[in-house]
Amino acid sequence: DTAVSQTPKYLVTQMGNDKSIKCEQNLGHDTMYWYKQDSKKFLKIMFSYNNKELIINETVPNRFSPKSPDKAHLNLHINSLELGDSAVYFCASSILGVNTGELFFGEGSRLTVL
Amino acid sequence: KQEVTQIPAALSVPEGENLVLNCSFTDSAIYNLQWFRQDPGKGLTSLLLIQSSQREQTSGRLNASLDKSSGRSTLYIAASQPGDSATYLCAVNVEGSNYKLTFGKGTLLTVNP
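An account of the accompanying structure is given in this report.

1. A look at the interface of chain A and chain B
By convention, interface size is frequently given as the accessible area that disappears when the constituent parts associate.
And then number 1: Contacts between the two partners involve 25 residues from chain A, matched on the other side by 21 residues from chain B.
And then number 2: With both sides pooled, the region where chain A packs onto chain B buries about 2,000 Å², and carbon together with sulfur makes up 54% of that total.
And then number 3: A salt bridge links Lys42(B) to Glu107(A); the nearest nitrogen and oxygen atoms lie 3.8 Å apart.
And then number 4: Summed over the shared surface of chain A and chain B, the result is five residue pairs in polar contact (both at pLDDT 80 or more).
And then number 5: Counting residues per element, the ones that place at least two in the side of chain A that touches chain B are strand E4 (31–37), strand E5 (43–50) and strand E6 (53–57) of chain A.

2. Description of the pairing of E6(A)
Residue and element names in this part refer to chain A.
And then number 1: Of the strand pairs in this sheet, E5 and E6 are connected by four bridges, and their pairing is antiparallel. Across the sheet, Ser48 pairs through a bridge with Ile56, a residue of E6.
And then number 2: Hairpin geometry of E5 and E6 is characterised by an intervening segment of two residues between the two adjacent antiparallel strands and by a positive phi of about 50° at Asn51.

3. As for unusual backbone geometry
And then number 1: Between Thr7(A) and the following residue, Pro8(A), the backbone shows a cis peptide bond with an omega angle of 0°.
And then number 2: As for its position among the elements, Pro8(A) is in the loop between strand E1 (4–7) and strand E2 (10–13).
And then number 3: The omega angle of the peptide bond from Ile7(B) to Pro8(B) is 0°, so this bond is cis rather than trans.
And then number 4: Checked against the element boundaries, Pro8(B) lands in the loop between strand E1 (4–7) and strand E2 (10–14).
And then number 5: Phi at Lys41(A) is positive, roughly 70°, even though this residue is not glycine.
And then number 6: With respect to the helices and strands, the residue Lys41(A) is situated in the loop between E4 and E5.

About the thresholds
- Residues numbered from 1 in each chain as written.
- Chains lettered and ligands numbered in written order.
- Predicted model: local features only at pLDDT ≥ 70, side-chain atom pairs only at ≥ 80, totals over all residues.
- Heavy atoms only, no water.
- Contact = heavy atoms within 4.5 Å.
- Buried area = accessible area lost by both parts, 1.4 Å probe.
- Salt bridge = Lys/Arg side-chain N within 4 Å of Asp/Glu carboxyl O.
- Polar contact = N/O pair within 3.5 Å; in protein donor to acceptor, adjacent residues only side chain to side chain.
- Helix = DSSP H or I, 4+ residues; strand = E, 2+ residues; numbered from the N terminus.
- Pairing = 2+ DSSP bridges.

Structure representation (structure tokens):
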């Protein structure tokens, strides 16, 4: 069983389009995250949610809108895609924050904007 | 602002060699430090988590140490194997921020048979 699963794994689209990435975790964790890994492999936090509530929005443009319908799911919707949005997006989860527990990652969704 | 630096950026060693990866962070007020492994095209896998009150953690051939006051951690890999080839990342959180890890850029390790 996959602990943190995200779909799609690959996404190729044109500038200006809107796309979504879905994430689900079956670990019973309260906290979920979206991270972005750029072309230089630098991994940076975008959003943190705890029990469906937004905790951290790390100065991400308004074109990115996360949605957490329940604590096992955290989806990422991106409007008006730009070339600079091309990256690998990782979903992750932890029991409750990161102070006491490990972070579990999905396999990533590679977004290419043409 | 917390910044995490990993040296070297890349390392190539022959199989069987013991090696050390380094991680430094600018703000010593951390709750914990985690080491991750990332294989090409894959997500990150947590290797070791060291709480700020701990000095080291061990798992198999891996040993991670933490010197919080000096802002440093090392990951020691004993008797390296080709299967250890991957990118190793360290990440820290900061006291007062329970929902954010700051990552280094990683060390790309290649173990040659």
